[in-house]
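Residues per chain are reported as follows:
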Amino acid sequence: VSAPAVFFYLAGAAAVLSALGMVLNVRNTVAAAMNLVVTMIALGVIYVTLDAHLVAALQIMVYAGAIVVVFLFVVMLLNLRRDAFPRPRQRLTKVAAVVIAFGIAAAFLHIIPTALPTVREIPADFGSYRAVGLALYRLFVLPFEVTSLLLLAAIIGAVVLAKRRLD
Amino acid sequence: VELLLPVLAKTLFIILIAVGAFAPVITWIERKQSAVMQDRIGANRADIAGITVLGLLHPLADVLKLLTKEDVVPLGANRFMHLIAPVIAAVPAIAAFGVIPYGGIYHFGDTTINLVVADLDWGLLYIFAIGSIATYGTVISGWASNNNWSLLGSLRASAQMISYEVTMGLSVVGLFMCFQTLRLSDMGVAQDSTFRILGFLEHFGIVESLGWLGHLTLPSWGILLQPLGFVMFLTCVMAENKRAPFDLPEGESEIIAGYFLEYSGMRFGLFYMSEFIEVVVIAGLLTALFLGGWSIPWLSQADIIGGVTPVFGVGFATGLCMVLHVLTFFVKVIMMIWLQMQIRWTLPRPRYDQVMDLCWKVMLPLSIANILVTGLVILLLQGAKA
């Protein structure tokens, strides 16, 4: 077994366990958010083993380092207690959860491996910031700029909404 | 195993020097320097059999005291989170040393020695990623302490750290554009050279008429290519480290001690030490990015090896060069630590809204302007060359 494979399975196990931890702790919001952080970091490690270094760094910087911190920020300010959440409806949710879980398991075990194209050899600079940057600014300039416009609109919207309450 | 051994040796070396030697000693230096600046004597009492060594035994006495104190977990606190938070704060600070090169690449016959633990192609991105994890130590410690002052401290810390992370990244983009790389060892090699101050005039055919002025050179260090980038990056990393003047998360006059208010014993010690380890990391990072890393100004690696080889042979020359480079790196690191201490004891703490305004209304536009100007200059030089 190669070293990347060992890290892949370790990080994969950590990702699955922490994702479970997040779902099971849903009424204890801070614990759920911390589990989410562990999932994000484990995904980052998986990206490293897959040679997608830029994506790994962004995964940890943006998701683990910024977005979940903002989640925690809100959760801490609201200071939600355990009884702030109603108990979930038992019977129906459980049945639905089992059905969906089996559906996803079937998809992963049967449909996806046969539907995916066979693995080809990847170029040497695959996943590097250089390759991603060149693709982003040469092949996908228009989608990139449109996305930035969308984000700008969202930022202005947020400022306008917050300002109105202040005035 | 053969691959693992050099990595372990290099890891041990940098951790022993940075965490084992630098961090404790700079706690003493900080106390002595603040004493000098405030006309006091400073720490000088801790002794073994009457020998005080200028107060250098104080770090040892501090550690003994912290280790023997009771480790209090406050009532109503989240025990697990409270206990684990100092560890989350300390680990990223130590892990950042992994990609900082403290020497160049040296060839001894067939063996090659590269004095960096992990020579990653995305080295600087790794540092940013690791640094963004450090936020959790402070956020969790404040929340898990069940104390409103701690919570206020950690809210201040998280907002401050997320904001300054943005400008920290943007302030070094100009540097990537100059060196065309994110690999820290490549940046060291790129800075181990000189550039002619008026060399750009050559493209316009003027340089001959300048005479000797045309031959003046400067080391091609990041600080000379990106002076504004250096100032902004220094400000951002100091804000990330939460030391004065950016110590609002601790703000003892308002919120007692902020996020680590409820910590005692060695768990407080971990917060305290991680702050000083970060001072060393910042000094190493500033050196590697802006101060030429391990390089000696006006004396490149090829010059040293080429000059010494005829007398003592190539093996000795390379070894001498390696030792000189490592020493140069640590001299620069010590200078950067001194600079941080000087700033910490000189500037007062601004108001919180002023800290946020500085980030979003001054640094962010400036860093974007810096990228724009750098790009323009690079384009102009390329155009003139072609």
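A short tour of the structure in this document, coming up. As the structure is a prediction and not an experimental result, all values here were calculated from the model. (Residues numbered from 1 in each chain as written. Chains lettered and ligands numbered in written order. Predicted model: local features only at pLDDT ≥ 70, side-chain atom pairs only at ≥ 80, totals over all residues. Heavy atoms only, no water.)

### Examining the layout of surface pockets
Of the pockets and cavities examined, the largest pocket occupies roughly 2,300 Å³. If you go around the largest pocket, you meet 38 residues; those closest to its centre are Leu58, Tyr137 and Phe144 of chain A together with Leu170 and Val173 of chain B. Where the lining of the largest pocket is concerned, the elements lending two or more residues are helix 3 (53-78), helix 5 (129-139) and helix 6 (141-166) of chain A together with helix 4 (123-133), helix 6 (148-171), helix 7 (173-179) and helix 15 (352-385) of chain B. For the lining of the largest pocket, the leading source of residues is helix 5 of chain A, giving eight residues. (1 Å grid on protein atoms, 1.4 Å probe; cavity = no way out; pocket = protein on both sides within 12 Å on 5 of 7 lines; lining within 4 Å. Points joined across faces, edges and corners; volume = space filled by probe spheres on them. Helix = DSSP H or I, 4+ residues; strand = E, 2+ residues; numbered from the N terminus.)

### Examining a nonpolar patch on the surface
All names here are of chain A. Taken together, the side chains of Leu58, Val62, Tyr63, Ile67 and Phe71 present a nonpolar region at the surface, about 410 Å² in accessible area. Along the chain, isoleucine 67 turns up in helix 3. Take isoleucine 67: its relative accessible area is 32%, and that puts it in the partly exposed class. (Patch = residues over 30% accessible without salt bridge, like charges linked within 9 Å, V, L, I, M, F, W, Y side chains within 5 Å. Areas by Shrake-Rupley, 256 points an atom, 1.4 Å probe, with all protein chains shown as cover. Salt bridge = Lys/Arg side-chain N within 4 Å of Asp/Glu carboxyl O. Buried < 20%, exposed > 50% of the residue type's maximum accessible area, 1.4 Å probe, protein only.)

### Some details on the packing of helix 10 (residues 227-241) of chain B against helix 12 (residues 265-290) of chain B
All names here are of chain B. The interhelical angle for the contact between helix 10 and helix 12, taken along N-to-C directions, is 165 degrees, at an axis separation of 10 Å. Comparing their axes, helix 12 and helix 10 come out roughly antiparallel. The two elements helix 10 and helix 12 cross, and the hand of that crossing is right-handed. Within the contact between the two elements, helix 10 uses Gly229, Phe230, Phe233, Leu234, Val237, Glu240 and Asn241 and helix 12 uses Glu275, Glu278, Val279, Ile282, Leu285, Leu286, Leu289 and Phe290. Class assignment of the residues belonging to the contact of helix 10 with helix 12 gives a composition of 10 nonpolar, two polar and three charged. (Axes fitted to C-alpha atoms, helices over the stretch in contact; angles between N-to-C directions. Parallel < 35°, antiparallel > 145°, perpendicular 65-115°, else oblique. Left-handed = near helix turned anticlockwise from the far one by under 90°. Contact = heavy atoms within 4.5 Å. Nonpolar A, V, L, I, M, F, W, Y, C, P; charged D, E, K, R; others polar.)

### Quick word on unusual backbone geometry
Residue and element names in this part refer to chain A. Here the phi dihedral of aspartate 51 falls at roughly 70 degrees; this positive angle occurs in a residue that is not glycine. As for its position among the elements, aspartate 51 is in the loop between helix 2 (29-49) and helix 3. By relative accessible area, which is 38% here, aspartate 51 ends up partly exposed.

### Focus: the interface of chain A and chain B
At the interface, 24 residues of chain A touch 22 residues of chain B. Between chain A and chain B, the buried area comes to about 2,100 Å², and carbon and sulfur atoms account for 79% of it. When residues of chain A are sorted by the area they lose upon contact with chain B, Met61, Met76 and Tyr129 of chain A head the list and together hold 29% of the total. Joining chain A to chain B, the criterion identifies zero salt bridges. Our count for the contact surface shared by chain A and chain B stands at four residue pairs in polar contact (both at pLDDT 80 or more). Contributions of two or more residues to the side of chain A that touches chain B are made by helix 2, helix 3 and helix 5 of chain A. The leading source of residues in the side of chain A that touches chain B is helix 3 of chain A, at 15 residues. Here the residues of the side of chain A that touches chain B sort into 20 nonpolar, three polar and one charged. (Buried area = accessible area lost by both parts, 1.4 Å probe. Polar contact = N/O pair within 3.5 Å; in protein donor to acceptor, adjacent residues only side chain to side chain.)

### Remarks on helix 13 (residues 301-312) of chain B
All names here are of chain B. Over its 12 residues, helix 13 extends 16 Å from the first C-alpha to the last, a length consistent with the 16 Å expected when each residue adds 1.5 Å. Those residues of helix 13 not exposed but buried are Gln301, Ile304, Ile305 and Val308. Down the axis of helix 13, the smallest arc covering the buried residues is 90 degrees, so these residues share one side. Turned more than 90 degrees from where helix 13 packs its buried face, Ala302 and Pro310 sit exposed. In the core, the buried residues of helix 13 are packed alongside strand 1 (105-108) and helix 14 (314-346). A positive backbone phi angle near 95 degrees is found at glycine 313, which sits one or two residues after helix 13. (Expected span 1.5 Å × (residues − 1). Arc of directions from axis to C-beta.)

### Brief notes about the packing of helix 8 (residues 184-191) of chain B against helix 12 of chain B
Residue and element names in this part refer to chain B. Look at helix 8 against helix 12: their axes get within 8 Å of each other, and the N-to-C directions meet at 50 degrees. In terms of orientation, helix 8 and helix 12 fall into the oblique class. In this structure, helix 8 uses Leu184, Met187 and Gln191 to contact helix 12, whose residues at the interface are Ala288, Leu289 and Phe290. Counted by class, the contact of helix 8 with helix 12 contains five nonpolar, one polar and no charged residues.

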